[in-house]
Amino acid sequence: MADLTYREALRRALDDELARDPDVFLMGEEIGRFEGSYKVTAGLWQKYGPERVRETPISEEGFVGAGIGAAMMGLRPVVEIMTINFILVAMDQVINHAAKIRYMFGGAVGVPMVIRTPGGAGAQLTAQHSQSLEAWFAGCPGIKVVAPASVADAYGMLKTAIRDDDPVLFCENLVMYNVTGTMPDDPDYTVPLGRAAVVREGSDLTLVAHSYTVQRALRVADTMSRDGIEIEVVDLRSLRPLDAETVAESVRKTSRALIAEEGWSTYGVGAELAARIHRLCFDDLDAPVERVGGAEVPMPYSKPLELAALPLESKIEAAARGLLAESGIA
Amino acid sequence: MSTPARNISAVPEPAPAPRISDEEALNLYYWMVLTRATEERALNLYRQGKLPGSYYTGRGQEAISVGMAAPLRRGADGDWLSPWIRDLGSYLVHGVPVWRMFAQFMGKAGSTTRGKDGNLHIGGYEWNIPCQVSHMADMIPLTVGAALAYKQRGEDRVAVTSFGDGATSRGDFHEGLNIAAVLEVPAVFVAENNRWAYTTPISKQTKVTDLYKKALGYGIPAIEVDGNDVLAVYSAMSEAVAHCRAGRGPRFIECKTYRMAGHAAHDKYESYMPMELLAEWSDKDPLKRLEQALREERTIDEAKLEGIRTKVKDEVHEAVERADDDGFADPSEAHLGVFAEADTDA
């Protein structure tokens, strides 16, 4: 086991896959000599050259489309969108092409492409640079959407995503890049897509989260544990395919469910999970399913305003305590 | 000392007059007759209520659809061809059997998409024709990507796409062309300037009505050809494809033509198209022109041409019958094929 950052885990996954499969190549803005805006591709341009680490013009719609075409012809492009906010100008290519081509070809041709892109808020980057839009994509059949929340998952899931025969939107997180954690030494370590993980066991309440919010959820669980309340934290890891069964199994045990996410709650991940939990665990619930999300506003700039809009630990904890009180546990 | 000017975006020198054999010319004639007969029959079926949706004809643009596809290599390992909605002929030339075109229009199981998409949103890996998500310039970046794959693997394959004048207003067109030029990929872009995008005339679409000039702006060698002269299109395309195969980067061909009907069978084009222009272009009909060239310049016997027309008539008849007899895919198939692994939650 080695300690390293989320950023370095991603870089190693790219390095390993570039070395393993000559069809894998990277494409995006500033990812070569400059090593990417967040340095995830550090050293790869020098190691693999400009054809395997291909720099593009500022042209998301164009190079996402080119990635799709190359993938259809059998290459495995890993396209970097500098932040998830910039994918909006390429939505037509992602939703109308990448997500539909296998189906519309009658299943004969797929798009084995990964789009890597960080989202998330908390660095005072304001409204257009602080979004968590992954739920929008997860609402569309045909594209897998994953959001690893640990160093080991960042490494293992990126490798699996690159080997996957379908398009994968790989959501990284700006705040996570410098988070450190342990990674297995096994160079063949991979993590399957579409499987949630119970990352902390508990008996009183199930707290579901993905991406950086998992870290917040774990801190809330630690805090409340001091009061004798044991929270079970489920890291979703994948939004599509969605592992509702692992969530349901936990809720059957705890009888209470709270979903936290950084994106907006309205039509969000929590909305989807609440529907699934009610169907799968109706008789097990001691309280209605609750959710916490980012405030329903464009993310403001100044630190006090930004903090007021984020789903911080304090808000998650308050929601958890409210749920417990509602069902008779103080 | 000043640096000498370097011409990076020249209009290429006209190729030496190509010698197109009589056999090649007759082959082009066959495909053009087949294209027109297929479209005429499909339009009739639409009017009889036998085809759902609407019908989009490429009448008058067969010289382009056939001429651009004919020089390409066919098959799964051949050249990528992504034609737009006026290019039914391209699909036929590149290998899609006629009956499957009708099956596609009818939404039958034998359609190239097993009934999952309609009209000219056709694709098939066996022909290396990507399924068409939209013809409004969307396919340009994908075509650039296919060409990039060929270049990266050192294959001498070419990726080709076509589009109308309206598509040149979209961002995909500009981003795609720019990337193609910068990455120097083997792609041929065929602009079919038929002067109408739905009801919008070219004068209201762009101030640069010579579309090839837009490509020059991106550093892509570009030419314009008479889009109603199949021999001219075929020659230009052959030359462009050879350029790409030689690893010399992308090419752009603008074919000047005219849309001989409404955008689709449902729109009343009489309300917005000047009738005198239609009449003028009717005289330039590409099929008539080729027939004339075959008879007068190549002294080909009329009986030979008649033989081709009769063969096509039989082919189209059989194709419609076969498509009619074909069934629909089982409704359970609606839920299949979203992901590679069948049991993945869509």
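Computed from a predicted structure; not experimentally measured. Numbering of residues starts from 1 in each chain and follows the order in which that chain's sequence is written. The lettering of chains begins at A and the numbering of ligands begins at 1, in the order of writing. Where totals are concerned, whole chains, interfaces and linings use all residues; where local detail is concerned, this predicted model gives features only for residues with pLDDT of at least 70, and gives and counts side-chain atom pairs only at 80 or more. To obtain the side-chain values, all non-hydrogen atoms of the structure were used and water was disregarded.

Let's talk about the overall build of chain A
For clarity, the threshold we go by: Strands here are runs of E lasting at least two residues and helices are runs of H or I lasting at least four, both read from the DSSP assignment and numbered beginning at the N terminus. Think of it in three bands: residues with accessible area under 20% of the maximum for their type are buried, residues over 50% are exposed, and the middle band is partly exposed, with areas taken using a 1.4 Å probe on protein chains only. Should any heavy atoms of two residues lie within 4.5 Å, those residues are considered in contact. The Shrake-Rupley method, run with a 1.4 Å probe sphere, supplies the accessible areas, and residue values consider only the shown protein chains as cover. Residues scored as positive are Lys and Arg, those scored as negative are Asp and Glu, and His as well as the terminal groups of each chain are ignored. By convention, the charge on Lys lies at NZ, on Arg at CZ, on Asp at CG and on Glu at CD.
Counting its secondary structure elements, chain A contains 12 helices and 14 strands. With respect to the principal axes defined by its C-alpha atoms, chain A has extents near 60 × 45 × 40 Å. Per-residue burial for chain A yields a buried fraction of 62% across its 330 residues. Expressed as a percentage of contacts within chain A between residues at least 6 apart in sequence, the contacts between residues at least 24 apart total 81%. If you sum the accessible surface of chain A, you get close to 11800 Å²; carbon and sulfur atoms cover 53% of it. When the 32 basic and 47 acidic side-chain charges of chain A are each reduced to a single mean position, those positions are 2 Å apart.

Things to note about the overall build of chain B
Counting its secondary structure elements, chain B contains 12 helices and seven strands. With the principal axes as the frame, chain B shows a C-alpha extent of 75 × 60 × 40 Å. Across the 346 residues that make up chain B, the buried fraction comes to 58%. Looking at chain B as shown, the accessible area adds up to about 14500 Å², and 50% of this sits on carbon and sulfur atoms. Of note, chain B has its 39 positive side-chain charges centred 3 Å away from the centre of its 50 negative side-chain charges.

A short note on the nonpolar core
Generally speaking, nonpolar side chains in soluble globular proteins are found buried as a group. For clarity, the threshold we go by: Here, nonpolar core means buried Ala, Val, Leu, Ile, Met, Phe, Trp, Tyr and Cys residues that are tied together by side-chain atoms lying within 4.5 Å of each other. Domain start and stop positions are those given by an automatic or database domain assignment.
Of all hydrophobic cores here, the largest spans 87 residues; its most connected members are Val64 and Ile277 of chain A together with Phe189 and Phe252 of chain B. With nine residues, helix 5 (residues 139-153) of chain B is the single largest residue contributor to this core. A domain-level breakdown of this core finds at least three residues from each of domain 1 (2-183) and domain 2 (197-325) of chain A. Those residues in contact with Val64 of chain A that lie beyond four places of it in its chain are Val79, Ile81, Ala90, Gln93, Val94, Met113 and Ile115 of chain A. The next biggest cluster of nonpolar side chains, apart from the first, holds 72 residues, and it includes Trp31, Trp84, Ile129 and Ala323 of chain B.

Regarding the domain arrangement of chain A
Residues and elements named next belong to chain A. Counted only if it meets this: Once two parts are joined, some of their accessible surface, as seen by a 1.4 Å probe, is lost; buried area is that loss totalled over both. Here a salt bridge means any side-chain nitrogen of Lys or Arg lying within 4 Å of a carboxyl oxygen belonging to Asp or Glu.
Domain annotation of chain A identifies domain 1 (2-183) and domain 2 (197-325). Look at where the C-alpha atoms of domain 1 and domain 2 centre, and you get two points 26 Å apart. Every contact between the two is made by 32 residues of domain 1 and, on the other side, 23 residues of domain 2. The contact between domain 1 and domain 2 buries some 2200 Å² in all, and 56% of this surface belongs to carbon and sulfur atoms. Connecting domain 1 to domain 2 are one salt bridge. Between Asp153 and Arg237 there is a salt bridge; the shortest N-O distance is 3.1 Å.

Quick notes on the interface of chain B and chain A
The condition that has to hold: Within 3.5 Å is the distance limit for a polar contact, defined as a pair of N or O atoms, with the added protein rule that one can donate a hydrogen and the other accept it, and that residues adjacent in sequence qualify only through two side-chain atoms. Throughout, the ten residues Ala, Val, Leu, Ile, Met, Phe, Trp, Tyr, Cys and Pro are labelled nonpolar, Asp, Glu, Lys and Arg are labelled charged, and all others, Gly among them, are labelled polar.
Counting from both sides, the interface comprises 46 residues of chain B and, opposite them, 43 residues of chain A. Across the chain B to chain A interface the summed buried area is about 3600 Å²; carbon plus sulfur atoms make up 63%. Our count for the contact surface shared by chain B and chain A stands at two salt bridges. With its nearest N and O atoms 3.3 Å apart, the salt bridge here joins Asp23 of chain A to Arg153 of chain B. Counting across the chain B and chain A interface gives 16 residue pairs in polar contact (both at pLDDT 80 or more). For the side of chain B that touches chain A, the elements supplying multiple residues, two or more each, are helix 5 and helix 6 (171-183) of chain B. Tallying contributions element by element places helix 5 of chain B first for the side of chain B that touches chain A, with 12 residues. Taken together, the residues that form the side of chain B that touches chain A break down as 23 nonpolar, 11 polar and 12 charged.

Quick word on the side chain of Ser255 of chain A
Residues and elements named next belong to chain A. Considering the arrangement of structural elements, one finds Ser255 in the loop between helix 9 (244-254) and strand 13 (257-264). By relative accessible area, which is 14% here, Ser255 ends up buried. Within the local environment of Ser255, its side chain forms a polar contact with the backbone oxygen of Asp284, the two atoms lying 3.2 Å apart. Setting aside chain neighbours within four positions, we find Ser255 in contact with Asp284, Leu285, Asp286 and Ala287.

Quick look at the sheet that holds strand 5 (residues 114-119) of chain A
Residue and element names in this part refer to chain A. As a reminder, the rule being used: Following DSSP output, two strands are said to pair if at least two bridges run between them. Throughout, an axis means a line fitted to C-alpha atoms (over the contacting stretch in the case of helices), and angles, computed between N-to-C directions, take values from 0 to 180 degrees.
Ordered by their spatial adjacency, seven strands build an open sheet running 3-2-4-5-7-6-12, and the pairing between neighbours is mixed. This sheet does not close on itself; its edge strands, each paired only once, are strand 3 (53-55) and strand 12 (238-240). Shown here is a sheet whose adjacent strand axes are inclined to one another by a mean of 20°, direction ignored. Bridge count between strand 2 (residues 24-28) and strand 4 (residues 76-80): five bridges; the pairing is parallel.

Considerations on the packing of helix 4 (residues 98-106) of chain B against helix 12 (residues 302-325) of chain B
All names here are of chain B. In plain terms, the rule: The labels follow the angle: roughly parallel below 35 degrees, roughly antiparallel above 145, roughly perpendicular from 65 to 115, and oblique for the rest. Handedness of each helix crossing follows the sense of rotation of the near helix against the far helix: counterclockwise by less than a right angle gives left-handed, clockwise gives right-handed.
Contact geometry for helix 4 and helix 12: axes closest at 8 Å, N-to-C directions at 45°. Our classification of the angle between helix 4 and helix 12 gives oblique. Regarding helix 4 and helix 12, the two cross each other, and that crossing is right-handed. Contact residues: Val98, Trp99, Phe102, Ala103 and Met106 in helix 4; Glu315, Val316, Ala319, Val320, Arg322, Ala323 and Asp324 in helix 12.

Section: the confidence of the model for chain B
The following threshold applies: In predicted models, pLDDT denotes the confidence assigned by the predictor to each residue on a 0 to 100 scale.
Averaged over chain B, the pLDDT score is 92; the fraction of residues at 70 or greater is 94%. Model confidence for the complex is summarised by a pTM of 0.90, with the ipTM given as 0.84.

Some words on a negative patch on the surface
Residue and element names in this part refer to chain B. Filter applied, for reference: Nonpolar side chains (Val, Leu, Ile, Met, Phe, Trp, Tyr) are joined into patches within 5 Å and like charges within 9 Å, using only residues with over 30% relative accessible area and no salt bridge.
On the surface, Asp314, Glu318, Glu321, Asp324 and Asp325 cluster together into a negatively charged patch. Counting through the fold element by element, Glu318 comes out in helix 12. On the basis of relative accessibility, which here comes to 53%, the residue Glu318 falls in the exposed class.

Looking at helix 1 (residues 22-47) of chain B
Going by this rule: Helices are assigned an expected span. That span is 1.5 Å times one less than the residue count.
Relative to the 38 Å expected for 26 residues at 1.5 Å per residue, helix 1 of chain B spans 37 Å between its end C-alpha atoms, a close match to the ideal helical length. A positive backbone phi angle near 80° is found at Gly49 of chain B, which sits one or two residues after helix 1 of chain B.

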